[in-house]
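Take a look at the letters that make up each chain.
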Amino acid sequence: MDIAIRAVRGLSLVCGIVAAALTATAVVVVCQMVFVRFVLNQNTIWQTDFVTFSLVGATFVGAPYVLMTRGHVAVDVLPLALGETGRYWLAIVAAVLSLAFAATATVLTAMFWMEAWENRWVSESMWRVRLWIPYAAMPIGLGMLTLQYVADLAELITGRARPFGLEAPLEGGI
């Protein structure tokens, strides 16, 4: 199990690197777009679509890394108020519900991606990008998010991780 968890964590790290690269590339393209448009007084055709697809793709592909590092915004009032047993079961319920959502979203976005692939959808802009390319970020990112939830749940159930990443339990809650 440790090997599987390390593999998922490694893939989540790769997803984080790809998301950072997409974001950095989008920033560079925005700067290029401003220069071309306002300094050279030329049209920009592909830049807006590229930046939009890159940032949305970075959001989906970066999600497993954010989950792995607990980088999301969390409100720990309820977990802190619960004792050790309540905190454990709340973490299990939250992980199972989140896993179910991520798995469902993975399947639905994979079907959407397949439809774009089979019907050869292209964007309506002048760039006419084949939409299966940017749409691939959805099932890839959500699929990896699903795997990261499975790994987190396995760590929680086997005692390799503490509920909500909280260290020592509070005595009797708050």
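Scroll up a little and you will see the structure.
Conventions used here
Once a new chain begins, its residue numbering starts again from 1 and follows that chain's sequence as written. This being a predicted model, a pLDDT of at least 70 is required before a residue's local features are given, and a value of 80 or more before pairs of side-chain atoms are given or counted; all residues contribute to the totals for chains, interfaces and linings. Remark: hydrogens and water are excluded; side-chain values derive from all non-hydrogen atoms of the structure. Helix numbering and strand numbering both begin at the N terminus, where a helix is a DSSP run of H or I of at least 4 residues and a strand a DSSP run of E of at least 2. Accessible area is worked out with a 1.4 Å probe on protein chains only. A residue is then buried under 20% of its type maximum, exposed over 50%, and partly exposed in between. A contact between two residues is defined here by any heavy atoms of the two lying within 4.5 Å. The term salt bridge refers to a side-chain nitrogen of Lys or Arg lying within 4 Å of a carboxyl oxygen of Asp or Glu.

Student: Hey, could you run me through the environment of A151 in this one?
Tutor: Within the element layout of this structure, A151 appears in helix α6 (residues 137-157). With relative accessibility at 5%, the residue A151 sits in the buried group. For A151 and M68, which are 83 residues apart along the polypeptide, the C-alpha to C-alpha distance reads 9.3 Å. Setting aside chain neighbours within four positions, we find A151 in contact with I5 and V8.

Student: Before we go on, may I ask you to explain the pattern of salt bridges in this structure?
Tutor: Where charged atoms from two side chains of opposite charge come close, those side chains can pair. Applying the stated rule across the entire model yields four salt bridges. Where R160 meets D2, a salt bridge forms, and the shortest distance between an N and an O atom there is 2.7 Å. Here R160 is found in the segment after α6, whereas its partner D2 is found in helix α1 (residues 2-39), with 158 residues between them in sequence. Across the pair R162 and E84 runs a salt bridge whose closest N-O atoms are separated by 3.2 Å. Of this pair, R162 sits in the segment after α6 while E84 sits in helix α4 (residues 84-118), and the two are 78 residues apart along the sequence. When its relative accessible area of 29% is taken as the criterion, E84 is described as partly exposed.

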